[in-house]
Amino acid sequence: MEFSREGARAMLLAAQGLAFRPGRPAEKGDVLGAIRRMGVLQIDSISVVARSPYLVLWSRLGPYEPRWLDELLAEGRLFEGWAHAACFVPIEDYGLYRRYMLEGGEKSRAWFSAHPEEVRRVLGRIRREGPVRSVEFARTDGKAGGWWEWKPEKRALEHLFAVGELMISRRDPNFHRVYDLRERVLARALPGWEDGLAPTPEEVRRTLALKAVRSLGVAVARWVPDYFRTPKKGIAGLLEGLADEGELLRARIEGWEEPAYVHPENAALAETVFSGGIEPSRTTLLSPFDPVVWDRARASELFGFEYRIEVYTPAAKRRYGYYSLPILHRAALVGRLDAKAHRKQGTFEVKALHLEPGTEVNEKLITALAGALRDCAAWHGTPEVLVSKSDPSSLVGSIRAAVKDWVGASAP
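Conventions used here
Residues numbered from 1 in each chain as written. Predicted model: local features only at pLDDT ≥ 70, side-chain atom pairs only at ≥ 80, totals over all residues. Heavy atoms only, no water. Pairing = 2+ DSSP bridges. Helix = DSSP H or I, 4+ residues; strand = E, 2+ residues; numbered from the N terminus. Contact = heavy atoms within 4.5 Å. Axes fitted to C-alpha atoms, helices over the stretch in contact; angles between N-to-C directions. Core = buried A, V, L, I, M, F, W, Y, C linked by side-chain atoms within 4.5 Å. Buried < 20%, exposed > 50% of the residue type's maximum accessible area, 1.4 Å probe, protein only. Parallel < 35°, antiparallel > 145°, perpendicular 65-115°, else oblique. Left-handed = near helix turned anticlockwise from the far one by under 90°. Domains from an automatic or database assignment. Arc of directions from axis to C-beta. Polar contact = N/O pair within 3.5 Å; in protein donor to acceptor, adjacent residues only side chain to side chain. Phe/Tyr/Trp six-rings, centres within 6.5 Å; stacked < 30°, edge-to-face > 60°. Lys NZ or Arg CZ within 6 Å of the ring centre and 35° of its normal.

**Q** Lay out the sheet that holds strand S8 (residues 249-253) with the relevant residues and their values.
**A** Strands pair in a sheet through their backbones, by hydrogen bonds, and they do so in one of two ways: parallel or antiparallel. Taken in spatial order, the four strands of this open sheet run S1-S8-S9-S7, and their pairing is mixed. The sheet terminates laterally at strand S1 (2-3) and strand S7 (219-220), the two strands that pair on one side only. The pairing of S8 with strand S9 (residues 260-262) spans three bridges and is classified as antiparallel. Residue Leu249 lies in a different strand from S9, and its bridge partner there is Val262. In the packing of helix H12 (residues 235-244) onto the sheet, contacts are made with S8 and S9, and the angle to S9 comes to roughly 45°.

**Q** Break down the nonpolar core for me, citing the residues and quoting the values.
**A** Of all hydrophobic cores here, the largest spans 137 residues; its most connected members are Leu57, Tyr64, Tyr97 and Leu239. Excluding anything up to four places from it in sequence, Leu239 contacts Ala209, Val213, Ala221, Val224, Leu248 and Tyr261.

**Q** Got a sec to walk through the packing of helix H5 (residues 94-103) against helix H10 (residues 201-216)? Specific residues and values, please.
**A** Where H5 meets H10, the closest approach of the two axes is 10 Å, and the angle between their N-to-C directions is 140°. Between H5 and H10, the angle falls in the class oblique. Where H5 crosses over H10, the two elements pack in a sense that is left-handed. Residues Leu96, Tyr97, Arg99, Tyr100 and Glu103 of H5 form the contact with H10, whose participating residues are Pro201, Val204, Thr207, Leu208 and Lys211.

**Q** An account of the domain arrangement of the protein is requested, with residue identities and associated values reported.
**A** Per the domain assignment, the segments of the protein are domain 1 (2-93 + 199-275), domain 2 (104-197) and domain 3 (308-408). Using only C-alpha atoms to locate each centre, domain 2 and domain 3 end up separated by 40 Å.

**Q** Got a sec to walk through unusual backbone geometry? Specific residues and values, please.
**A** The peptide bond linking Asp391 to Pro392 adopts the cis configuration, its omega dihedral lying at 10°. You can see Pro392 is positioned in the loop between strand S15 (390-391) and helix H16 (395-410).

**Q** So what about helix H14 (residues 296-303)? Which residues, and what values?
**A** Among the residues of H14, those classed as buried are Arg298, Ala299, Leu302 and Phe303. Each buried residue of H14 sits inside an arc of 100° when the element is viewed along its axis, so together they form one side. The secondary structure elements touched by the buried residues of H14 are helix H1 (5-15), H10, helix H11 (224-228) and strand S12 (332-342). The residue sitting at the N-terminus of H14 and contributing the capping side-chain oxygen is Asp295; that oxygen lies 3.2 Å from the backbone nitrogen of Ala297. At the C-terminal side of H14, Gly304 shows a positive phi close to 65°.

**Q** So what's going on with the packing of aromatic side chains? Which residues, and what values?
**A** What the rule picks out here adds up to 13 aromatic pairs. Geometrically, the ring pair formed by Tyr64 and Trp379 is stacked, given 5.5 Å between the ring centres and 25° between the ring planes. Separated by 315 residues along the polypeptide, Tyr64 in the loop between helix H3 (52-61) and helix H4 (67-74) and Trp379 in helix H15 (residues 363-380) bring together distant segments of the chain. Look at Tyr227 and Phe228: their rings are 5.0 Å apart centre to centre, the planes differ by 75°, and that puts the pair in the edge-to-face class. Both residues of the pair, Tyr227 and Phe228, count as buried. In this structure an aromatic cluster arises from ring pairing among Phe79, Tyr94, Tyr97, Tyr100 and Trp193. Sitting over the face of the ring of Phe175, Arg171 holds its NZ or CZ atom 4.2 Å from the ring centroid.

**Q** Tell me about the pairing of strand S5 (residues 166-171), and name the residues and values.
**A** When you tally the buried positions in S5, you get five out of six residues, the bulk of the element. Examined bridge by bridge, S5 and strand S6 (residues 177-181) share five bridges and lie antiparallel to one another. Note that in S6 the partner of Ile168 across the bridge is Tyr179. Where S5 folds back on S6, the antiparallel hairpin that results is connected by five residues, among which Phe175 adopts a positive phi of roughly 70°.

Written as structure tokens, this is what we have:
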């Protein structure tokens with residue numbers, strides 16, 4: 001099978017649940033379904049709009065209750081682990097990541113050897129008193145704190161989490177991790193689990209490669225390792241071997257000589273793409289940590305979209321803004337906008353909106369973009385949308401008018 005570049009984009013968006021608007025209001029089970037489709041849901045705590053995991057789900061599900069994600073973690077349907085980065089992961093995949101914990105963790109174990117008293121104190125308190133947050137340990141080392149000056153107990157918690165001795169039982173209302181003993185969390189989430197059930201390293205690599213190809217719709221070898229941050233070495237041979245076994249289907253993407261692959265579960269989807277049955281129609285905003293754009297090289301190759309997050313760029317050197325959100329329109333990434341949700345004031349501020357060069361500005365784009373803005377703002381509980389400036393500059397007035405018309409039409 002051979003895909004055009006447009007067909008490959010349609011495969012990715014359909015596999016990610018981003019091709020079309022949902023046909024019904026979201027339910028709690030849809031949150032878990034979306035995470036299973038993606039494989040993982042990356043965690044980031046920046047909340048200038050919405051914290052990334054919640055925004056990634058909104059992009060796919062539309063309005064939903066953010067507490068559903070919190071509840072799925074607390075119920076043991078999800079766990080937190082290191083995958084693409086720090087991520088929420090379906091609990092059925094726990095064994096894959098437990099193998100990494102068993103095989104690695106040298107830095108953490110070295111830290112344990114150098115700080116046995118801190119480890120003993122932290123584990124002793126959790127065993128006696130139950131789950132704990134880092135903030136519940138008083139700072140006693142005289143330092144001011146901050147991101148790079150964790151107190152010893154916080155370091156102990158994080159190292160114990162990294163090697164799997166502790167797990168995250170839930171997040172508190174401020175999104176702080178609540179740590180508990182692995183055995184207590186697994187007794188609820190995976191009764192009967194023992195480390196002997198963990199797959200071998202080779203089985204883990206095969207399984208994650210298959211999952212990555214499935215979540216990408218159609219993939220070339222160089223896209224696969226980044227998805228779950230697995231080794232790059234030998235990936236081409238691994239995928240060819242999986243294709244030889246019938247675990248993957250061989251494909252091509254127009255313009256690239258290297259082979260591409262499709263997961264058999266997406267074979268029917270591929271046939272629909274070939275027949276013209278899938279023409280993505282969704283317009284929405286994406287998190288900077290959305291799977292569609294988290295591999296910046298893939299976003300460039302597939303969408304022609306050069307993207308970087310400027311959170312850590314000095315303000316004077318930012319081109320697009322502190323936390324710019326990519327704009328998905330149909331099957332293209334047509335621009336980005338720098339937004340901030342002012343929840344107390346009830347306003348959703350778009351500081352700047354930038355369209356990609358060559359993007360056609362027409363009524364369909366304006367209406368769809370205004371709809372995405374108003375939907376995102378309404379979900380945040382910030383119904384007033386303020387658009388300050390745009391590139392091209394003529395767009396700002398059209399967007400303001402389109403948003404205003406919607407608000408007026410929706411008023412009682």
